[in-house]
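Structural description and commentary
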Amino acid sequence: MRIMYTNGNIFTMNLEEPLVQSIVIENEKIIDLGTNEDMLLQWGRDHTTVIDLDGKYVFPGLIDSHLHISSVGINAQELDLTGIETKEKLLNVISNKASSIQPGEWILGRGWDENIFPDKQIPSIEELDYVSPGSPLFLPRICGHAFLVNSKALEQSGYHPDMTIPYGGTVVKSLETNKPNGLLLETASDLITERIPTKSYDQLKVALKWGLKEALKFGMTSIHTNDPTYLNGARQTYKLFDELINQEGMGPRSNLLMDYKYLEELKDAGMSVGFGNDKVTIGAIKFFADGALGGRTALLSEPYADNPGNYGSAMYDKEELLQLMKNCREFNMPIAVHTIGDQALIDVLDNLDQLKPVAFRDRLIHVSILNNELIERLASPHRIIDVQPRFIASDYPWIVDRVGETRANMSYPFKTLLERGVITAGSSDAPIEPLNPLLGIHAAVTRKKIGEAHNGYNEAEKISMFQAFKMFTIGGAFATNEEHTKGTLERGKFGDMTVLNKNPFTMENADQLLETEVEMTIIGGEIKYRK
């Protein structure tokens, strides 16, 4: 089927042919593009469906290079704690939930952030027990690396003071009582998650479908998503995406990052990188090198400024990390490693330098704390970084207290990264940050929270609107070695497009992005979402 989209302002992101009016797509691929007159003359015959864009603004399909799309859907079924401004309001939300469910039923949710509380204090386990006396409770922080639990949850986990805590995890204890204070860090959460009832296949499918619909609504034509821990394994993750996208015709195109613990399952199933098709594909092997700045578990080369003596947490020692990476290489798999602290990145790069590249690029996710030497080491054609510009809005200004002004000035240095030739892909890490990619683009351009009246945090690292869009289009294509099939609108590439009602490239104020709406999301020439 041949489709022509005409009468648009089509920004191709291809510098040789940057702006056209019409684009022609057949069998999902772009076969021609140019002026309205030329395209209608050449292709406007029988068997061509012509769609009038009515002057709207068209871009290569937006790509989110790192998120957890099933978790976006699951969170919609649970408590959303994002933006709650006080500890008292958080406790009230928990209390209301506890009173609406049966005793013994789990209270689940995520998104709390003590950094926006006036006193920056988390609830005590006594307070959590008081508002949820009959139900176990498990509430991940917004970063997903710290967790609130009550005594019922600890009881169900079988916790006792002498039990072995998973490596890299901490059960935080009260200084007064030397008993758990209701906060778990990193892998200590495994004690609890193993006891939470598993959702059924149908429940997970409903949640995943909701997340995919949201991604389409926000203009995404491709996502790189990490979901097996939410969807009960590698095989079931692939099956769910395959059913919804390949069989039921949904989108976006999905590259599936698989957690390291499912490597053997992938081997048994014969599912290596590239397995699948252009709509659902197995991607890199994901694992964690460290934690997060919010809970002071990101691994730093020097101590936290506001917690002297604390360097953060390594999820593995360096030699064990190297062995995990070698195991991936034996299966010819690229790796995708969560590295927030600079020491975590040093350890990962030291190990990568000992391994031969594979056909697909290795991915460094987050890379929040950098220095000039690390940036030089990242500038390799075999490596890409997945960054989350919205972290700027979430982490500032408290990150200055956490790591000090010098290191904060080398946090999220997007302009320097681009100038030094580091392949950089934009993402949200949703549900950690909002799914809407325009909010990520806004943060990259302004480097401030919505509504703040200043020139931006470390404004020297602001990037242009074009550079920000490039991170969410061309950068995302490079992340999965698909730069020859997506990322720009050119002949021979997929007809994946995001249609907006405003032109970001002529905006006098980037805040106008906040009022910009997605008109259509088009994948392979087919409209998958229309406002």
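To be clear, the structure that these remarks concern was listed above.
Attention in this report is confined to the structure presented alongside it.

Following the criterion strictly, the structure yields twelve aromatic pairs and no others. Measuring from centroid to centroid gives 5.3 Å for phenylalanine 11 and phenylalanine 59, while their planes differ by 15 degrees, and the two rings are stacked. Residue phenylalanine 11 is found in strand E2 (residues 9-11), and its partner phenylalanine 59 is found in strand E7 (residues 57-60); the two are separated by 48 residues along the sequence. Assigned by exposure class, phenylalanine 11 and phenylalanine 59 land together as buried. Ring centres 6.4 Å apart and planes at 50 degrees place the aromatic pair tyrosine 412 and phenylalanine 414 in the tilted group. Classification of phenylalanine 414 by relative accessible area gives buried; the value is 1%. Counting every residue linked through ring pairs, the aromatic cluster contains Phe11, Phe59, Phe466, Phe469 and Phe505. Against the face of tyrosine 201 rests lysine 239, its NZ or CZ located 5.0 Å from the ring centre. Sitting over the face of the ring of phenylalanine 414, arginine 447 holds its NZ or CZ atom 5.9 Å from the ring centroid.

Two residues of an α-helix separated by three or four positions point the same way, owing to the 3.6 residues in each turn. Compared with the 24 Å implied by 1.5 Å per residue over 17 residues, the 24 Å span of helix H7 (residues 201-217) between its first and last C-alpha is a close match. Buried within H7 are the following residues: Leu204, Lys205, Ala207, Leu208, Gly211, Leu212, Glu214, Ala215 and Leu216.

The next thing to look at is helix H1 (residues 36-43). When we look at burial in H1, the residues that qualify are Asn36, Met39 and Trp43. An end-on view of H1 places all buried positions within 75 degrees of arc, on one side of the element. What points out from H1, more than 90 degrees from its buried face, is the exposed set Glu37 and Leu41. Its buried side turned inward, H1 meets strand E1 (2-6), strand E4 (22-26), strand E5 (29-34) and strand E6 (48-52).

The relative placement of two packed helices comes down to the angle between their axes together with the axis-to-axis distance. Interhelical geometry of helix H11 (residues 318-330) versus helix H12 (residues 342-352) gives an angle of 50 degrees and a closest axis separation of 10 Å. When the axis of H11 is compared with that of H12, the two are oblique. Like other packed secondary-structure pairs, H11 and H12 cross with a definite hand, here right-handed. Contact residues: H11 offers Lys318, Leu321, Leu322, Met325 and Arg329, while H12 offers Asp347, Val348, Asp350, Asn351 and Leu352. Its residues assigned to classes, the contact of H11 with H12 comprises five nonpolar, one polar and four charged.

It is possible for side chains of opposite charge to pair when their charged atoms get near one another. All told, the structure shown has 37 salt bridges when counted by the stated rule. Here aspartate 32 and arginine 491 are joined by a salt bridge, their closest N and O atoms 3.0 Å apart. Residue aspartate 32 is found in strand E5, and its partner arginine 491 is found in the loop between helix H20 (474-479) and strand E22 (497-500); the two are separated by 459 residues along the sequence. Residue aspartate 32 is classed as buried on the basis of its relative accessible area of 13%. Note that aspartate 353 and arginine 377 form a salt bridge whose closest N and O atoms lie 2.8 Å from each other. Here aspartate 353 is found in the loop between H12 and strand E19 (362-366), whereas its partner arginine 377 is found in helix H13 (residues 372-378), with 24 residues between them in sequence. Put simply, Lys318, Asp347, Asp350, Asp353, Arg377 and Arg383 are held in one network by salt bridges that share partners.

Attention now goes to the nonpolar core. In terms of nonpolar packing, the biggest core is built from 103 residues, with Ile69 and Leu293 touching the most fellow members. Aside from chain neighbours lying at most four places away, what touches isoleucine 69 is Leu208, Gly211, Leu212, Ala215, Ile223, Thr225, Asp227, Phe241 and Leu435. Core analysis: the next-biggest nonpolar cluster, separate from the first, contains 20 residues, Ile84, Ile101, Leu128 and Leu139 among them.

Below, the discussion takes up the environment of histidine 338. With respect to the secondary-structure elements, histidine 338 resides in strand E18 (residues 335-339). A relative accessible area of 2% means that histidine 338 is categorised as buried. Residues histidine 338 and asparagine 310, spaced 28 residues apart in sequence, show a C-alpha to C-alpha distance of 20 Å. Discounting residues that sit within four places of it in the chain, histidine 338 has contacts with His145, Lys286, Phe287, Phe288, Ala289, Asp290, Gly291, Ile365 and His366. Of note is the side chain of histidine 338, whose polar atom sits 3.2 Å from the side chain of histidine 366.

Pairing between the strands of a sheet comes from backbone hydrogen bonds, and it takes one of two forms, parallel or antiparallel. With mixed pairing, the six strands of this open sheet are ordered in space as E9-E10-E11-E12-E14-E13. Among the strands making up the open sheet, the edge pair consists of strand E9 (79-80) and strand E13 (170-173). The sheet contact formed by strand E11 (residues 137-140) and strand E12 (residues 146-149) spans three bridges and is antiparallel. The residue bridging proline 140 from the neighbouring strand is phenylalanine 147, located in E12. Strands in contact with helix H3 (residues 87-100) are E9, strand E10 (107-110), E11 and E12; relative to E10, the strand with the most contacts, it is inclined by about 145 degrees.

Moving on: the sheet that holds E22. The strand order E3-E2-E7-E22-E23-E24 describes an open sheet built from six strands, whose pairing is mixed. What marks the edges here is a single partner per strand, and that holds for strand E3 (19-20) and strand E24 (526-530). Across two bridges, E2 lies against E7 in parallel orientation. In the sheet register, asparagine 9 faces E7, and the bridge partner there is tyrosine 57.

Now for the side chain of serine 157. Here serine 157 is to be found in helix H5 (residues 151-157). Looking at serine 157, its side chain comes within polar contact range of the main-chain oxygen of leucine 154, at 2.7 Å. A distance of 3.2 Å separates a polar side-chain atom of serine 157 from the backbone nitrogen of tyrosine 159.

Our next topic: the environment of methionine 315. Checked against the element boundaries, methionine 315 lands in the loop between strand E17 (280-288) and H11. Residue class for methionine 315 comes out buried when judged on its relative accessible area of 6%. Methionine 315 sits 296 residues away from leucine 19 along the chain, and the two C-alpha atoms are 47 Å apart. Not counting residues within four places of it along the chain, the set of residues in contact with methionine 315 comprises Tyr167, Gly168, Glu186, Thr187, Phe288, Ala289, Asp290 and Gly291.

The amide bond that connects glycine 251 to the next residue, proline 252, takes the cis arrangement and shows omega of -5 degrees. The residue proline 252 is located in the loop between helix H9 (234-247) and strand E16 (253-259) in this model. In this chain, alanine 430 is followed by proline 431 through a cis amide linkage whose omega measures 10 degrees. Secondary-structure assignment places proline 431 in the loop between strand E21 (424-426) and helix H18 (437-446). In this structure, asparagine 27 takes a positive phi of about 50 degrees despite not being glycine.

Rules used in this analysis
- Residues numbered from 1 in each chain as written.
- Predicted model: local features only at pLDDT ≥ 70, side-chain atom pairs only at ≥ 80, totals over all residues.
- Heavy atoms only, no water.
- Phe/Tyr/Trp six-rings, centres within 6.5 Å; stacked < 30°, edge-to-face > 60°.
- Helix = DSSP H or I, 4+ residues; strand = E, 2+ residues; numbered from the N terminus.
- Buried < 20%, exposed > 50% of the residue type's maximum accessible area, 1.4 Å probe, protein only.
- Lys NZ or Arg CZ within 6 Å of the ring centre and 35° of its normal.
- Expected span 1.5 Å × (residues − 1).
- Arc of directions from axis to C-beta.
- Contact = heavy atoms within 4.5 Å.
- Axes fitted to C-alpha atoms, helices over the stretch in contact; angles between N-to-C directions.
- Parallel < 35°, antiparallel > 145°, perpendicular 65-115°, else oblique.
- Left-handed = near helix turned anticlockwise from the far one by under 90°.
- Nonpolar A, V, L, I, M, F, W, Y, C, P; charged D, E, K, R; others polar.
- Salt bridge = Lys/Arg side-chain N within 4 Å of Asp/Glu carboxyl O.
- Core = buried A, V, L, I, M, F, W, Y, C linked by side-chain atoms within 4.5 Å.
- Polar contact = N/O pair within 3.5 Å; in protein donor to acceptor, adjacent residues only side chain to side chain.
- Pairing = 2+ DSSP bridges.

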